[in-house]
Amino acid sequence: MACILPISKRTLIHGVPIPLKIKNYWAVSVALFILIITPYLHIGVFYLKLWVPDKQPVNKKDCTCSCFDTVFKGSYESPGRTRYKHIYFNATQNTFKIWSVTVVFMMMFYESIKYLIGLYQIKQLHLSWLCLYLVNIYPNYYSWWMMFGYFNDEFYKYLSHQIYFCVTEVVVTALVLNLCNKQSETHSWKILVIIAISFAHIFVSSLDQFITNIILFKGEAFQNSRDFGLMIPDLLHLFVAGYWYIRLISYNDVSNNCNKNKEIQVGMSVLSKVCANRRKQDLMFLVVVMVVLVSLSHLL
């Protein structure tokens with residue numbers, strides 16, 4: 001039997017009471033570990049060991065950087081011939097943008113991990129939606145990395161296009177997080193938005209690079225792995241969300257057990273018509289959202 005704590009000893013996560021005595025250090029440890037290890041796997045393993053293993057190491061004694069404004073070094077250094085540093089950054093607007101995007105993504109990820117572990121500890125975690133959250137980590141990480149690169153390189157040709165994918169990925173992740181909570185209400189519009197965004201991503205990505213790189217075998221190894229890493233989560237979101245939508249709109253035909261009660265039979269008939277109308281409304285909503293998303297992607 002569940003133990004109900006007094007309201008003074010509880011806090012709320014998305015409106016659900018969570019005991020304050022939950023061992024939050026597990027949530028903090030997991031979130032920090034993933035945040036720390038992911039860039040290492042990205043740069044230190046995938047890039048350094050697999051993609052470009054033949055890159056020559058930097059000569060720390062002879063290298064110089066003439067593009068470093070040295071502002072963050074204060075009066076200790078001046079622009080020109082500066083000593084080797086592991087990290088150079090200039091005091092510019094784009095550096096501030098990079099920092100802002102990084103902080104936002106890190107805080108969202110950190111808080112989402114704490115939230116999920118909290119749900120797990122009170123046995124309110126929905127595993128199927130959790131799986132969708134996990135597979136969507138790479139697309140969100142990729143969005144952050146692309147925003148980092150565009151601002152760092154001052155390469156703005158595809159920035160608006162990337163912002164479109166970045167925002168829609170965050171929307172999907174927020175809805176999936178909400179549905180991870182077993183006590184959250186499963187409204188059809190939440191699932192339909194996930195389906196619409198996933199379909200739009202699949203459609204736009206296929207026309208953009210996936211067909212050329214994967215189907216026509218014109219992509220390099222790193223492009224193929226990237227395209228698969230972005231396409232598979234969208235396909236899983238489409239199928240899993242579609243499955244839960246079908247379950248949501250399905251209802252048991254109890255009329256067979258109520259043949260002797262005409263009032264119940266009439267009620268079931270009305271309910272059937274209401275459900276049919278609701279499915280039509282949902283279909284129209286889904287089509288409109290998909291059309292808007294696909295059209296928006298082509299405008300950006």
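Within every chain, residues take consecutive numbers counted from 1 along the sequence as written. Local features in this predicted model are restricted to residues of pLDDT 70 or higher, and side-chain atom pairs are both shown and tallied only at a pLDDT of 80 or more, whereas totals for entire chains, interfaces and linings draw on every residue. No hydrogens and no water enter the side-chain calculation; it runs on all heavy atoms of the structure.

K.L.:
Describe the overall build of the chain, with residues and values.
P.N.:
Strands here are runs of E lasting at least two residues and helices are runs of H or I lasting at least four, both read from the DSSP assignment and numbered beginning at the N terminus. For the chain, the count of helices and strands is eight helices and two strands. Listing the helices and strands of the chain from first to last along the sequence gives β-β-α-α-α-α-α-α-α-α. For this analysis, residues touch if any pair of their heavy atoms sits within 4.5 Å. For the chain, the proportion of contacts with a sequence separation of at least 24, taken over those separated by at least 6, is 65%.

K.L.:
Account for the nonpolar core, naming residues and giving values.
P.N.:
If you look at the biggest cluster of nonpolar residues, it comprises 39 residues, and the most contacted ones within it are Leu116, Trp129, Val176, Cys180, Ile191 and Ile194. For this core, the elements supplying multiple residues, two or more each, are helix 1 (24–51), helix 2 (93–121), helix 3 (127–135), helix 5 (159–180), helix 6 (188–215), helix 7 (221–249) and helix 8 (262–299). By residue number, the principal contributor to this core is helix 6, which donates nine residues. Counting 12 residues, the second largest nonpolar core, distinct from the first, contains Val101, Phe105, Met147 and Leu159. Nonpolar cores were defined as sets of buried Ala, Val, Leu, Ile, Met, Phe, Trp, Tyr and Cys residues, with membership established by side-chain atoms within 4.5 Å. Exposure is judged per residue with a 1.4 Å probe applied to protein chains only, and the accessible area is read against the type maximum: over 50% gives exposed, under 20% gives buried, and values in between give partly exposed.

K.L.:
Let's hear about the packing of aromatic side chains: which residues, and what values?
P.N.:
The rule is short: rings of Phe, Tyr and Trp, with Trp giving its six-membered ring, pair when the centres are within 6.5 Å, and they are stacked under 30 degrees, edge-to-face over 60, tilted in between. This model, assessed by the stated rule, comprises 16 aromatic pairs. When the ring of Tyr150 is compared with that of Phe155, the centres are 5.8 Å apart and the planes differ by 40 degrees; the resulting orientation is tilted. Under the relative-accessibility criterion, Tyr150 is labelled buried at 13%. An aromatic cluster is built from Phe68, Phe72, Tyr88 and Phe89, whose rings are joined through pairwise contacts.

K.L.:
Explain the pattern of salt bridges to me, using residue names and the numbers behind them.
P.N.:
A pair is scored as a salt bridge if a Lys or Arg side-chain nitrogen falls within 4 Å of a carboxyl oxygen belonging to Asp or Glu. Counted by the stated rule, this structure contains three salt bridges. With a closest N to O distance of 3.9 Å, Glu77 and Arg83 form a salt bridge. Across the pair Asp227 and Arg226 runs a salt bridge whose closest N-O atoms are separated by 3.1 Å. Judged by its relative accessible area of 6%, Asp227 falls in the buried class.

K.L.:
Summarise the confidence of the model for the chain; cite the residues concerned and give the values.
P.N.:
The predictor reports its confidence for every residue as pLDDT, a score running from 0 up to 100. This prediction gives the chain a mean pLDDT of 82; 83% of its residues lie at or above 70. The low-confidence segment residues 16–22 (pLDDT under 50) makes 21 contacts with residues lying over four places distant or belonging to another chain. Predicted confidence for residues 251–268 stays below pLDDT 50, and this span has 11 contacts to residues more than four positions away or in other chains.

K.L.:
Any chance you could break down helix 1 for me, citing the residues and the numbers?
P.N.:
The periodicity of an α-helix, 3.6 residues per turn, causes residues three or four places apart in sequence to face the same way. With 28 residues, helix 1 should reach 40 Å at 1.5 Å per residue; the first-to-last C-alpha distance of 38 Å fits that figure. Values of bend correspond, residue by residue, to the angle between axes fitted over the seven residues ending at that residue and the seven starting there. Approximately 30 degrees is the largest bend angle found in helix 1, and it occurs at Leu41. Tucked inside the fold, the buried residues of helix 1 contact helix 2 and helix 4 (137–153). By this rule the span expected of a helix is its residue count minus one, scaled by 1.5 Å.

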